[in-house]
Amino acid sequence: MSRPVAPVAVPHQADRGPGRPLSRALAALPGRQLDPGELRELVDRLAGETALWHPLVAFSDQERHFASLHRDEFVDVWLLCWTRRNDTGWHDHDLSAGAVAVVQGALIESNPRIGGHHLETVVSAGTSFHFGNDHLHRLTGATDDAISVHAYSPPLWRLGQYDLSADGILRRTSISYADELRPVGTSAPISVSHR
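What counts as what
Residues numbered from 1 in each chain as written. Predicted model: local features only at pLDDT ≥ 70, side-chain atom pairs only at ≥ 80, totals over all residues. Heavy atoms only, no water. Core = buried A, V, L, I, M, F, W, Y, C linked by side-chain atoms within 4.5 Å. Buried < 20%, exposed > 50% of the residue type's maximum accessible area, 1.4 Å probe, protein only. Helix = DSSP H or I, 4+ residues; strand = E, 2+ residues; numbered from the N terminus. Contact = heavy atoms within 4.5 Å. Pairing = 2+ DSSP bridges. Axes fitted to C-alpha atoms, helices over the stretch in contact; angles between N-to-C directions.

So, about the nonpolar core. With 24 residues, the main nonpolar core has Leu42, Leu46, Leu69 and Val77 as its most contacted residues. Those elements that place two or more of their residues in this core are α1 (24-27), α2 (36-47), α3 (50-53), β1 (65-71), β2 (76-82), β4 (97-104) and β9 (146-153). With 5 residues, the single largest contributor to this core is α2. Setting aside residues up to four positions removed in sequence, Val77 forms contacts with Leu26, Leu42, Leu46, Ala67, Ser68, Leu69, His70, Val149, His150 and Ala151. One finds Leu80, Val100, Leu156 and Leu159 within the second-largest nonpolar core, a separate group that totals 17 residues.

This is how it looks when you write it as structure tokens:
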């Protein structure tokens with residue numbers, strides 16, 4: 001199981017010299033929780049700040065690589081690297097709203113539909129999306145070189161991971177934000193048909 005890379009220290013602007021903050025977007029955080037639209041604006045800005053995240057990029061088919069870019073009492077920001085074999089499994093973000101910006105390659109976001117085909121959306125480089133704390137989805141790499149920046153508010157603490165048992169019961173397991181999301185149990189897809 002992959003372990004997150006230690007958070008990158010984000011010095012105060014004064015510590016970096018005049019006009020040279022490590023991250024303008026992080027330095028401008030308002031010191032409060034952000035709504036989903038604000039989180040999307042944040043990941044869009046961070047996507048362009050390659051000096052912040054590019055040194056942390058790494059790919060593996062065995063485990064998804066992820067690194068914490070920033071964490072305070074209001075916002076949590078991560079870099080994630082993907083190949084086609086990387087899959088989060090079905091999950092939610094507990095109490096946190098979130099946003100994702102794809103900066104290289106492409107991801108597939110799947111949203112479950114009970115009794116029908118799941119909604120699958122290819123999210124390509126240069127594209128972002130946001131969601132509330134009621135969002136249930138699954139992310140997989142659509143290319144072998146996908147990179148994405150994720151932000152959550154309030155910061156992630158727990159996530160819900162979902163499994164469909166052999167008898168058709170949907171179960172949610174609470175996991176730590178530091179654990180790697182992946183499909184659990186015997187079921188990869190959640191699909192229930194009406195009879």
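What follows covers the sheet that holds β9. Across the sheet, which stays open at both edges, the 5 strands sit in the order β1-β2-β9-β4-β7 with antiparallel pairing between neighbours. With partners counted over all chains shown, the strands left at the sheet margins are β1 and β7 (127-131), one partner each. Direction aside, the axes of adjacent strands within the sheet are offset by 20° on average. Two strands pair when backbone bridges link them, and β4 and β9 are joined in this way by 7 bridges, in the antiparallel orientation. Note that in β9 the partner of Gln104 across the bridge is Ile147. α2 rests against β2, β4, β7 and β9 of the sheet, and its axis sits at about 25° to β4.

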